[in-house]
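Spelled out, the chains give:
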Amino acid sequence: MTGDSSKEHFLKEFGDDYGYPDAPNNIDHIRATEFKRLDGRVYLDHAGATLYSELQMDQVFKDLTSNLYGNPHSQSDSSMSSSEIVREARQLVLDYCNASPKDYKCIFTSGATAALKLIGEAFPWSSQGCFMYTTENHNSVLGIREYALSQGSAACAIDIEESWNNAEASGNGASVSSYKVMQRPVQRRERSTCCEKENGNSFNLFALPSECNFSGVRFNLDLVKQLKGDFGSIFEGSTFSRGHWMLLVDAAKGCVTEPPDLSRHPADFTVISFYKLFGYPTGLGALIVRNEAAKILKKTYFSGGTVAASIADIDFVKRREAFEESFEDGTVSFLSIASIKHGFKILNTLTSRAISRHIASLSAYTRNTLRTLRHENGAVVCTLYGIRISEVPRQLGSVVTFNLTRSDGSWVGYREVEKLASLSGIQLRTGCFCNPGACAKYLGLSHLDLLSNVEAGHVCWDDNDIVNGKPTGAIRVSFGYMSTYEDAKEFIDFIVKSFLSSSSYNSGNGSLSRKNYASSPSDGYCFSYSGIEGHPTSGPLLKSIYVYPIKSCAGFNVEKWPLCDSGLLYDREWILRGVSGDILTQKKVPEMRLIRNTIDLIMKILVAESPRCKVKLWLDLESDTNYCGKEYLSLNNQRLEVHVYDDEVNQWFSCAIGRPCTLLRLASPGYKSCLSNFTSQHMCRDVGAKLNFVNEAQFLLINEESVCDLNRRIKANEQKGLLRADIQVNPMRFRPNLVISAGEYTEDEWRSLTIGNSKFTSLGGCNRCQMINLDDERDQILKLKEPLSTLATYRRIKGKILFGILLRYEGCVKEGQDGTHAWLQVGQEINPRCE
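Residues numbered from 1 in each chain as written. Predicted model: local features only at pLDDT ≥ 70, side-chain atom pairs only at ≥ 80, totals over all residues. Heavy atoms only, no water.

## Looking at the pattern of salt bridges
Piece 1. Applying the stated rule across the entire model yields 40 salt bridges.
Piece 2. Across the pair Arg 87 and Glu 84 runs a salt bridge, and its minimum N-O distance is 2.7 Å. Taken together, the residues Arg 87 and Glu 84, both in helix 4 (residues 77-96) and three residues apart, mark about one turn of the helix.
Piece 3. Linking Asp 709 and Arg 713 is a salt bridge whose minimum nitrogen-to-oxygen distance equals 2.9 Å. (Salt bridge = Lys/Arg side-chain N within 4 Å of Asp/Glu carboxyl O. Helix = DSSP H or I, 4+ residues; strand = E, 2+ residues; numbered from the N terminus.)

Quick look at the structure:
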């Protein structure tokens, strides 16, 4: 189906809902005029943060540059202007949720999370009370549990299943819902210092999201009214049906497509986030509180703006009578608050109903299309999470969450999908999205699975996407009011191209062999070289040697270099550490590639230079004059002793990379790696060798002929118009230690090799990341899509994009020769073994 005909098919099904046909401007006009920065990009993480429009920001800028806003805690004209803006903004928030100011108050917070934290801090917990919540809640809601448990209250997670009776069965022509509640085990802690007397008049809190940010499932907010009317009718038999039940709705996600109607669903507490609504401002949220609920909240802390009077040297404070002001610590973010009216103006122009219908059309189309995808053998490609459209009479939200499987049924890691999507200009989200309950529910992970994953080293935001054969998270795409059919179509095309197996496409499911990546005809670009004097060019030869003294900084080329039991002498013996204790690399600090290092073996000095520093830095390799002490560093499950350099050295490197850092040197070069039984599929770290500060192995070997083939493929894509012209990759882009000349990709088949008299074992292919896309031109760092994008089309296997091989040094072939005195030299012959 062609692009035009596929869109016609889409519009035939969704045309009444898609594109704002009744608004002043349709979706194509909105994208062309208000989101020009999206040209060539597909943004599909609106559940994480939606995008602000250029029109919106123009209006914000005009407002802030035309009006004078001062601190509202004063009586000056500028202060009064800010106070009026804050009052108007409160009303806008209440109007958006159809909440009468007679019944509700709006408190501005630093975000939705701060609003939830405020509830946890101020709620009257007691040993007779309970915090009950649906398992499909964000961590920011689960965090309230800490306040409840610490004050002696119980906590309990529940699952709610909603079913619908048909119109005929209800007798009144309308569908009727019923609920099935499944209660998880009750959680309690020994009561801490809580001195209130129990009077049987306890307060309980029930929390649910209006829309699950993991699956997109919308909770029926009619449940709020039913619970307010008769909690016991739904939670029949629960030991916590006594007392006063207060209802909390986390609408931070759901408010985007279906703002809660608080006139119909009288929640006691409702939380919203503005950057999820219209992108800007960030760091601002709101807590909408029913007046009756406001009476039970007890604030302990007071600050500027929350008190009418206080006395410094006696226990006296008089709090402000206005509920909002008494809970807004310090000066509210009045300039951000002044900005939200411009976001609401855009939403109100389009209308919430039209936005909901537009977004639902895109999510339904995407979900339905993914559901139909099949591999060549008929195997399902996508496992979708959440409800099916036909199961309930309500529309879906903006979220489509899924995982991918290969034709053999094995899971595709979500990090692989995220990496390839990024290379294709598609921004999406992967992981559990800070919703552990929904993640475990939909992925079928038991408590034992979850604890086993943690013990194995898996934590939030790491790369461990498959553990013990099961995914630890999922892939999520989500749409915003400015999303288009073209966004959805480009994403689906990406999935088809990258993950469907067919006779004409290698999905990366098998093993690499030369037949999988036979080179193109030799009419494209390739490196030219004449070989090394005295040696023929037909056999494998060592062409170049590179040493990288400081991890992630530039290396230097040598004709020959000594070996030691940790690899090349001095290779990756130093690292830079950030102020927060993290090890700095080019992934975090691309400017590190501009620091050039050389080592003089005779003078025993390391010389570093940078275009950002006026002078070179000289470090004595054998003297401790620049050290200021020793400390221990935890890295790769090891406790390593390191030398710490003095302020003069650290200031030089801080200047070179543009941020504070510390230079560290391994005190005992070549520590023995000793990892736990768990190893990420993205990391094949050598556990049998002595290693310095390397990621995986002592050596990386790159074959010039393989790079030639890569360049031919890139050139072919340029000629097809898929890439900009003149992209050229040289072996140094891959940061190799050894560059060789051999037949294309023959290195993949090597099991061991000797170079001169030195023996090496191949540890397999090197898994490439986006760091190889960094290039420097005239001391400027460029972030490109190549060569990783092209490599992904023919060098991908089981989530890894392999190029080059990793080696371990095994010593010298001749018995009795000490490996620490062996040298590698350019021009030495390479003798590989393939068995």
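Moving on from the model shown.
## Here we look at the UniProt feature "modified residue: N6-(pyridoxal phosphate)lysine" (unreviewed entry) in the chain
Piece 1. Mapped onto this numbering, the UniProt entry gives "modified residue: N6-(pyridoxal phosphate)lysine" (unreviewed entry) at Lys 276.
Piece 2. Inspection of the secondary structure puts Lys 276 in helix 11 (residues 274-278).
Piece 3. Setting aside its immediate chain neighbours within four residues, Lys 276 contacts Ala 47, Gly 48, Thr 50, Ala 252 and Val 256.
Piece 4. Within the structure, Lys 276 has its side chain in polar contact with the backbone oxygen of Ala 47 (distance 2.8 Å). (UniProt positions renumbered as here; feature names shortened; annotations may be inferred. Contact = heavy atoms within 4.5 Å. Polar contact = N/O pair within 3.5 Å; in protein donor to acceptor, adjacent residues only side chain to side chain.)

## Focus: the packing of helix 15 (residues 352-372) against helix 19 (residues 485-499)
Piece 1. It is the contact of helix 15 with helix 19, at a shortest axis distance of 10 Å, that shows an interaxial angle of 20°. Taken together, helix 15 and helix 19 sit at an angle that is classed as roughly parallel. Helix-helix and strand crossings are classified by hand; for helix 15 and helix 19 the assignment is right-handed. Here Leu 362, Tyr 365, Thr 366, Thr 369 and Leu 370 of helix 15 lie close against helix 19, whose contacting residues are Tyr 485, Ala 488, Lys 489, Phe 491, Ile 492 and Ile 495. (Axes fitted to C-alpha atoms, helices over the stretch in contact; angles between N-to-C directions. Parallel < 35°, antiparallel > 145°, perpendicular 65-115°, else oblique. Left-handed = near helix turned anticlockwise from the far one by under 90°.)

## Focus: the nonpolar core
Piece 1. The biggest cluster of nonpolar side chains holds 116 residues, and the ones touching the most others in it are Val 93, Phe 108, Phe 274, Leu 404 and Phe 491.
Piece 2. In terms of nonpolar packing, the next biggest core, distinct from the first, is built from 50 residues, Leu 542, Leu 584, Cys 661 and Leu 738 among them. (Core = buried A, V, L, I, M, F, W, Y, C linked by side-chain atoms within 4.5 Å. Buried < 20%, exposed > 50% of the residue type's maximum accessible area, 1.4 Å probe, protein only.)

## Description of the sheet that holds strand 22 (residues 560-564)
Piece 1. A sheet is described by the order of its strands in space; here three strands give the open sequence 23-22-41, paired in antiparallel fashion. Each edge of the open sheet is held by one strand with a lone partner, namely strand 23 (567-568) and strand 41 (823-825).
Piece 2. Bridge analysis of strand 22 against strand 23 gives two bridges, and the strand direction is antiparallel. Among the inter-strand pairings, Leu 563 is bridged to a residue of strand 23, identified as Leu 568. (Pairing = 2+ DSSP bridges.)

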